Structures are given as structure tokens and as C-alpha cells.
Amino acid sequence: FCPPGVLPLCRQPPAWGRAARQPPGPPQPPGLPLAPCRAFSNSKILVELDESSGVATMKFKSPPVNSLSLDFLTEFCISLEKLENDRACRGVIFTSAVPKIFSSGLDITEMCGKSKEHYAEFWRAVQEMWLRLYGSNMVTVAAVNGSSPAGGCLIALSCDYRIMVENPKFSIGLNEAQLGIVAPFWFKDTFVNVVGHRVAERSLQLGSLHPAPEAHRFGLVDEVVPEEKLQEKAAAVMAQWLAIPDHARQLTKSMMRKAALDRLIAHREEDIQNFISFISKESIQKSLRMYMEMLKKKKS
Amino acid sequence: FCPPGVLPLCRQPPAWGRAARQPPGPPQPPGLPLAPCRAFSNSKILVELDESSGVATMKFKSPPVNSLSLDFLTEFCISLEKLENDRACRGVIFTSAVPKIFSSGLDITEMCGKSKEHYAEFWRAVQEMWLRLYGSNMVTVAAVNGSSPAGGCLIALSCDYRIMVENPKFSIGLNEAQLGIVAPFWFKDTFVNVVGHRVAERSLQLGSLHPAPEAHRFGLVDEVVPEEKLQEKAAAVMAQWLAIPDHARQLTKSMMRKAALDRLIAHREEDIQNFISFISKESIQKSLRMYMEMLKKKKS
Amino acid sequence: FCPPGVLPLCRQPPAWGRAARQPPGPPQPPGLPLAPCRAFSNSKILVELDESSGVATMKFKSPPVNSLSLDFLTEFCISLEKLENDRACRGVIFTSAVPKIFSSGLDITEMCGKSKEHYAEFWRAVQEMWLRLYGSNMVTVAAVNGSSPAGGCLIALSCDYRIMVENPKFSIGLNEAQLGIVAPFWFKDTFVNVVGHRVAERSLQLGSLHPAPEAHRFGLVDEVVPEEKLQEKAAAVMAQWLAIPDHARQLTKSMMRKAALDRLIAHREEDIQNFISFISKESIQKSLRMYMEMLKKKKS
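About the criteria used
Once a new chain begins, its residue numbering starts again from 1 and follows that chain's sequence as written. The order in which chains are written sets their letters, starting at A; the order in which ligands are written sets their numbers, starting at 1. Two thresholds apply to this predicted model, a pLDDT of at least 70 for residue-level local features and 80 or more for giving and counting side-chain atom pairs, whereas whole-chain, interface and lining totals are computed over all residues. Only hydrogens and water are removed before side-chain values are computed, so all heavy atoms of the structure are retained for them. Two strands pair under a simple rule: DSSP has to find at least two bridges between them. Here a helix means four or more residues in a row that DSSP labels H or I, a strand means two or more in a row labelled E, and each is numbered from the N terminus. Angles shown run from 0 to 180 degrees and are taken between the N-to-C directions of axes, each axis being a line fitted to C-alpha atoms and, for helices, limited to the stretch in contact. Cysteine sulfur atoms that pair up within 2.5 Å are treated as a disulfide. Each angle receives one of four descriptions, namely roughly parallel if under 35 degrees, roughly antiparallel if over 145, roughly perpendicular if within 65 to 115, and oblique otherwise. By convention the crossing between two helices is left-handed if the near helix lies anticlockwise of the far one by an angle smaller than a right angle, and right-handed if it lies clockwise. Residue contacts are defined here by distance: any two heavy atoms, one from each residue, within 4.5 Å place the two residues in contact. A 1.4 Å probe rolled over the protein chains alone gives each residue an accessible area, and that area as a share of the maximum for its type sets the label: buried under 20%, exposed over 50%, partly exposed in between. Take the accessible area each of two parts loses on contact, using a 1.4 Å probe, and add the two losses: that sum is the buried area. By definition, a salt bridge exists where a carboxyl oxygen of Asp or Glu is found within 4 Å of a side-chain nitrogen of Lys or Arg. Here a polar contact means two N or O atoms within 3.5 Å. Within protein one must be a hydrogen donor candidate and the other an acceptor candidate, and residues neighboring in sequence count only if both atoms are side-chain atoms.

> Is there a simple way to think about the sheet that holds strand β10 (residues 161–165) of chain B in this case?
Picture the strands of a sheet paired through backbone hydrogen bonds; they go either parallel or antiparallel. Residues and elements named next belong to chain B. Taken in spatial order, the 7 strands line up as β1-β2-β3-β5-β8-β10-β13 in an open sheet, and their pairing is mixed. Looking at which strands have only one partner, the edges of the open sheet turn out to be β1 (37–41) and β13 (223–225). The sheet shows a mean angle of 20 degrees between the axes of neighbouring strands, taken without regard to direction. Where strand β5 (residues 91–96) and strand β8 (residues 139–144) come together, 4 bridges link them in parallel fashion. Bridge assignment links Phe-94 to a residue of β8, and that residue is Ala-142.

This is the structure we're talking about:
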């Protein structure tokens, strides 16, 4: 159910999928074995598609913390669109190739000391990521193998199912308030749809980062497992979801998520203007600069 | 709070209730004892009204699986309307007279190889059942004494309270997706109102049938009891709800359910057209025929 | 986020806060120590503001049961507005100075045998209390040290966090249905936002009063503690919430609560007319009179 108003993103020809978008041709001649696994990679994300199961794995590989820069978001959307258009692909598992971190969320350098045009382009890319992921026709499973604050948490929340490594040192949550900023309404809508109004209200106001076991207790993640079981568990959950006829599952998913998707689509430009005027405030710029200074000192 | 737009269904004169619909007359002369229990029955449903408690029991007796055929739905609505209009009746307990099954849901034979006019009539009857049950002024308790998939689950969800036999062989859920079809939006609204958005999203997409103890764990049913305690428990719950002044309870119920009822009423014809065009698709007809074949083989 | 449509209430000059509303002046000369605690009191409510922490405590002192009379509501709103406008105040703890009761809810004598003008004025004051409390920019914590039915429960529900004394003799709930009346839609909206649709539907229809431990189990209160730990716990929770930058927390709170607040603001006059016509019914007046008789007998 590709939501109307989502911009076409394919600015570069897809690495595969051209054949997939065409009507199904005659069966492959027996002498021509299909590659069991195809992979493509760009600078931030590695994608592997297992054609026998129809399941792709999207691995975030943008050290040190998989932050959601404009480049990362663009690659994410292009990769997702390729898979969406590839008939060989029915489900995607999202995970990280960087130890201890799933994704640290939006890249603060994109929000600091840049032009209004840049802020607009960046925010549109953040919206695009969510519209495509929350509205994906594929089964989407987050295999959260590290901490996942803010935008990282949003990626997990937008999937159909969330499995997290049970390590209590890994935490997850929409902690924007802690940084003095506010999660946009569609982050909030996605959160409420997962954990309910009360838990969302408290967690968002406190900007809470929940250790994995706590996140599991109130349903922010569906399951916690030991790290060595994560990929196996994700594959098992994926198989369970893929056992349902695609068409019925997709229409049901659309029915559940359409209201939230439509709300952003209807207020997309307004949301961009809101972001620009908020982020352009000197007080916000100052606190983001201080936060970046702090991160730099921490690193060195 | 009889919702506007609900069609009058009383195509046949009610077996009782004529007096009830009239303004209250003088008190009964003392020499004329009231019948303590009145019963009426049609081919699919048996109704017994205990006048001392004001509680009716509606027993589904349409073997083999109490499927919701057009006949069943019509009798259901007529029986419910009779009780609704009978001042002696303040609450209804729904249960099954068929062992191991509460109701198997919509009758597939009504959706297979029939005319568009038939599909329209059938779907209008399904809507009517829900509008009358979800919007009933009476206290409604589901005493679920067997499995209850799809439309059977909807009946339970539409009651004020659900008690289920704790046998894990009995399951309940909106499993439409498993059959390649999609639960209509008002099934979904009813489900979300009971279990919340997240549980509904997952359960509907997977078309899950939940064993009674699991259904109880996440609130799809309010209570599980041993089979021999079911009727006793249902009566006790009913007494608790009837202790509240009718007027206040009814207005409160209306306040909670009006939004969902109004949504179907506003889109009723559209929902019928959607159903017809969906069910008329050759691919859907084919999978329903295959499903019926499978059921037939299973039986023999 | 002072909601539009909320009437200015400051009919009397505030006892403090005049300075606070002015732009921040130069720092205090070191020789002039700030008062560490300021207090003001009127006939129904005692307010103490600890300037070092920025936390005020509002103590209800209207024996025998802190019922919400027109006078109480007016004082409540004025006190809250003073604190809202006082830069030294960032959070408020609500508690009772009357043993065993937090607040018994709306004062029935205001709803019985009075003029329509009086009913209108009273109901507007009830609305005003909720609009100001649910929409407060300050952190609001309910320290529920006694029973809290109906309007008392609404006060607790409208806070950011609820802590209750774990004594099972203290109960809390929206029990209007028990008295033959109906909670208004915005009581219901507030309740649903805290406990979800299903729990609210059942509890409101039954007019349930939940003992503290039960209320905690399904999230009507966030925490239960021994009576002697209540104030300490409330202060600790407050400190946790005040650690978040005010601006981000306030915008987040507004985002979560705006829909419910806007709904009453849009239907405020209609809601007043509904209340007047409902409460003016002879049947309702009669049952309220009977209830008051019963309370009087109980007392003597």
C-alpha cells in the first residue's frame, strides 16, 4: 500500500530488481541455477537477499554509531525501494554491523550550523524513511543488537516485530526530551501505536532510555534473546510472518497503519517548516553545539 | 442507544414482547403468577428468559459448527431485537449448544459462487448483527464454551464481558488473514477497543488463533474457568453488571462505543460494495473453493 | 501550552508572582537572601512553595471530605494560575490535609435544588479546573493519601504521575454510574488515555472503585507506597521529571494532551447545556436527594 505523496526516490538505477519489476516470464531453464544469495552494498548499508527464503538482511555499517545522516537516509530509502520492487524479496531483517549500537538516531551535524535548505532536505529524508518503512508491504523485523535511541528507536518501532539482545547495557527509547528537543508527532503516533498512550506520555516526557529487559516488559520490544540467538530468532519470526498470504497480510497492515501514515502525508510541508523554525532557534543551536562538544570530549 | 441507520429487522411478529413494547400498564393482579421462565426457539437459536433475574440465555444450536449463515444471522438479529424490546429482559448470555465450538464464524458457502445481490444481502446481515450486538442496551456476556474463530470471535468481542472455558484446545481470534482474506475495518475497530493497537496489529496480520489461556493473558477474554463453572460464572458476572442502574450504564456504554458504531453506519454501503468486489475476485473465489474442499475431505 | 478558550480566572490579584511574570531582572544582590519557602492559604487549599527546588505542594483542607464545591474549584484554579505564572515554580504536588480522603469529588449540594444559572456556573468551574490541570505546563504529581472517587479520581488522572498510599481501604475510580449518573466525555477521554479503552469501558460501566493495589495493577496509579513514604516518594519523582528541560517537556506534554483538551474546548457550551438538562431531570434530582439523605444518616 504505497502511500500517495511518497516521492519516487530512485535517483540511481537499482543494482538489481529491474527484472523483478517486469511481469513474471517463463520458468528459468534448468541449466541456469539462480544465485541463492545476492548482495549489494553502498557506503553505509549492506544488503543480502536470500532468494530461497525471500528474506533480505539490511545491515547498518556506518561507524562509529550508525547515525542517520542525509547520506545514510538516502541509501536506506534506495535500498528499501529496491527490495520493495523485487519480487524475490518478501521480508527484511534490519540489524547493525557495528558492535553495541543499532543506530544512534538522527545525525546532529546535519542539524547544526547548516542552511534552511539543508534542514528542509534533511527533514524530508527523515520523513521519507519513515513513510517507506512504516508503510512497507514487506514483513519487517528489527534485530536490535545494540543501543537504539531516538531515530534508531523509530526504525525499530516502525517494523512489524522487534527482537532485542537481552543485555541490560543496551537501551532503547525516544529520548529527544533529554536533549531539549521534541519528538515530531509521527514519532509519537508510531510510539503510541506500539506501547499505548500512557506509557508513551511518560516515556516521551522523561526522554527515557529503557534497558532491553524493561523495554520488553512494557512491549516496546516484543522479545529479548541472548546475542548469539538473535539472527536465528529473527529468521524464525520472519518465517512465521511469511507463512501468511502476502495479499491478506499487506491489506491488514495497511488498515492498521494508514491513519498514522496519512496524517504525516497531509501535514508533510508544515512538519518540515516546523522543524526548520525550531532547529534554527539560537537556543536550540546552542544546546546542540554543547551536546556535540560533550560527545567529542567523551570520545577523546 | 439504538444507533440511527440500523434497519428495522422485525419481518415476523415477535413470539413475545408485544406487551413489553407497550407503555407499562397497571400492576399484575396478584392472582396471576408470572411465568418464571419463557423460552422461544427457531431453527438455529434457542432463547430462554428468566424473568426473575431479567437474564436471557441465547444458545447457538446450528450444528456442526454454528456457522453464521444468512439464516442464522437473521434469526440472531430477530431474537436480539425481541429481547431488546422486552422490558423483562436486561441482560443476555451468549453460549453454544454445540460441543467444542462457540461459532466458526461467517458461513463460507454464503460467499462462494453466489450472485452479487446475495453477497450484498449477506454482508448487510453481518453488519446488522454487529450494529445490534455492539450497540445493545442490554448487558451482554459471552460464555465461550468452544473454539471461536473469525466471526465467532467478533460476537465475543462485541459483548460487555467474555468468559471462556480454560481448555487450551479451544482457541479464539480473528484469523481471516490465514484464509487469504481481510477482516473488515469494524472487526478491527472492535478488536483494537478490546486488546489495544499493538496486539491487534500483530494478531490480525498473523491471523492468530489464541488458545484460551493465551487469549486471557492479553485480555482478549476477561476470564477463563473450568467448563463446569462457566454458566455459574456468567450468571455471577451478569448479576454484578445488572446491579448498576440501567440508564447510567447504557449511556456510559454508548459513550464508549459510539465512535466505532458511527464509523460503520457512515460507511455502510461503501463497506458492502468493498465486500462484493473483493469476494467476487476469481482469486478469492478459488481460494475459498479450495478451503471448502479441504474442509469436506477433513470431514470424510 | 495554555489552551485557547480557557478563561482568565485571576479575579483577585495574586498573592505572589507579580515579579515572576516580569522579564528576568539582574541577579539578586548577594546580601539579600531569597525566602526558601513561601506559603499562602485560602479557606479550602494550602499552598507551600519551596523556592530552592521550585516545587509547590497544594494541600486540600476542606473537611470533612474535600468535596469539589464551587468555592473549592475557584480557589483551586486561582492557586494553580498563581503557580503557573510564578517562575520560581516548576512543579506541583497535590495531596490532602484531611485524613483518609484525597477528594470525594464533585459536591452534590451544588447539583441539587439549585437554579440553572448556578448549574452552569458550577459546571464551567469543573471544566476550568480540568482544562488548567490537564493542560498545566508544570510537572504535576498526585500524592493520593486517601480515597479518591469520581472528581477526586479525575484530579489524580489529570496529573503527570500518580502515587497512592498502598492501603487497600483507600479506593479510587470514576464511580459515577453507581450513583445513576454518567461521567462526562472528557472524564472518559482522560481515563482512556491512562488505562486504555477496554479497562475504561468496564470500569466506567460498573462505576468501579478500585482498592489501591488493584488500581496499581492496571495502571490507574503508577505506584503504591506505605503512607509514611508518600511525600518522600512524590519529591523523588518530581525531581526526576524536573531534570528534563522545561521547554521540551512542556511541548511533549502538549502534544500528548492537546487532542483531549481541544475536544472539550470545542464543545464547552454544549457540554454545559448537556449537564444542565441532565441534572435538572426530576428523576436525577430525586436520586441525588436520596443519596444525600443516605450520606447524612451515615454521618449521624
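> I would appreciate a short explanation of the state of the cysteines in the present structure.
Disulfide: a covalent bond connecting the sulfur atoms of a pair of cysteines. Overall, the coordinates contain 0 disulfides over all chains when judged by the stated rule. Between Cys-153 of chain A, a cysteine without a disulfide, and Cys-159 of chain A, which holds the nearest cysteine sulfur, the sulfur-to-sulfur distance is 11 Å.

> So what exactly am I meant to see when it comes to the packing of helix α3 (residues 116–134) of chain A against helix α4 (residues 150–158) of chain A here?
When two helices pack together, their arrangement is given by the angle between the helix axes and the distance between those axes. Residues and elements named next belong to chain A. At a minimum axis distance of 9 Å, the contact between α3 and α4 shows a crossing angle of 20 degrees. Relative to α4, the element α3 is oriented roughly parallel. Judged by the twist between their axes, the crossing of α3 over α4 is right-handed. Here α3 contributes Met-129, Trp-130, Leu-133 and Tyr-134 to the contact with α4, which in turn contributes Leu-154, Ile-155, Leu-157 and Ser-158.

> Before we go on, may I ask you to explain the pairing of strand β5 (residues 91–96) of chain C in this structure?
Regular strands place side chains that alternate from one sheet face to the opposite one. Most of β5 of chain C sits inside the fold, with 6 of its 6 residues counted as buried. On β5 of chain C, burial covers both faces: Gly-91, Ile-93 and Thr-95 of chain C on one face and Val-92, Phe-94 and Ser-96 of chain C on the other are all buried.

> Would you mind showing me how to read the interface of chain B and chain A here?
Accessible area lost on assembly of the parts is the figure often given for the size of an interface. At the junction of the two partners, chain B supplies 20 residues and chain A supplies 20 residues. A buried area of about 1800 Å², summed over both sides, lies between chain B and chain A, and 63% of it is on carbon and sulfur atoms. The interface formed by chain B and chain A holds 3 salt bridges in total. One salt bridge connects Arg-198 of chain B with Asp-222 of chain A, and the closest N-O pair in it is separated by 3.0 Å. Viewed at the interface, chain A and chain B are joined by 6 residue pairs in polar contact (both at pLDDT 80 or more). Breaking the side of chain B that touches chain A down by element, the ones donating at least two residues are α5 (185–195) and α6 (197–206) of chain B. Among the elements that line the side of chain B that touches chain A, the one with the most residues is α6 of chain B, at 8 residues.

Scope: geometric values only; no functional claims are made or implied.
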